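Residues per chain are reported as follows:
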Amino acid sequence: MDMVIEEIIEHENYMGPEPFQNLEYGLRKMQGAYLKAKTDNVPEGRLEMMRTWMEQARAMLQPSG
């Protein structure tokens, strides 16, 4: 997760969530990084990537059916 967050914030390179990741942990890490990034004035495009990651991870965690 640290690498995914760094890629988004430092390099503007989006790496989406994978189903085999610990998505619950990833959401907690990404949320904390997102809130810190907002206070650090990270550009909006990178914040949007972080929000997209969280939305996709939440969708993966929803039971299908």
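Everything numeric here is computed off the predicted structure, so don't read it as measured data.

For the rest of this paragraph, the subject is the overall build of the protein chain. A count of helical and extended segments in the protein chain gives three helices and zero strands. Taken from N to C terminus, the helices and strands of the protein chain fall in the order α-α-α. Relative to the compact-globule value of 11 Å for 65 residues, the protein chain shows a C-alpha radius of gyration of 11 Å, a close match. C-alpha extents for the protein chain along the principal axes are approximately 40 × 20 × 15 Å. Counting the 65 residues in the protein chain, one finds 32% classified as buried. When contacts within the protein chain are restricted to residue pairs at least 6 apart in sequence, long-range pairs at least 24 apart make up 70% of them.

A separate point is the packing of helix H1 (residues 2–11) against helix H3 (residues 44–61). Each packed pair of helices is defined by two parameters, the angle between the axes and the distance between the axes. Close contact between H1 and H3 brings their axes to 8 Å; oriented N to C, the two are set at 155°. In terms of their interaxial angle, H1 and H3 are classed as roughly antiparallel. Note that H1 runs across H3; the crossing there is right-handed. Facing Val4, Ile5, Ile8, Ile9, Glu10 and His11 of H1, the residues of H3 in contact are Arg46, Met49, Met50 and Trp53. When grouped by side-chain class, the residues that make up the contact of H1 with H3 number seven nonpolar, one polar and two charged.

What counts, and where the lines are drawn
- Residues numbered from 1 in each chain as written.
- Predicted model: local features only at pLDDT ≥ 70, side-chain atom pairs only at ≥ 80, totals over all residues.
- Heavy atoms only, no water.
- Helix = DSSP H or I, 4+ residues; strand = E, 2+ residues; numbered from the N terminus.
- Rg over C-alpha atoms; globule rule 2.2 N^0.38 Å.
- Buried < 20%, exposed > 50% of the residue type's maximum accessible area, 1.4 Å probe, protein only.
- Contact = heavy atoms within 4.5 Å.
- Axes fitted to C-alpha atoms, helices over the stretch in contact; angles between N-to-C directions.
- Parallel < 35°, antiparallel > 145°, perpendicular 65-115°, else oblique.
- Left-handed = near helix turned anticlockwise from the far one by under 90°.
- Nonpolar A, V, L, I, M, F, W, Y, C, P; charged D, E, K, R; others polar.

On their own, these measurements won't tell you what the molecule is for.
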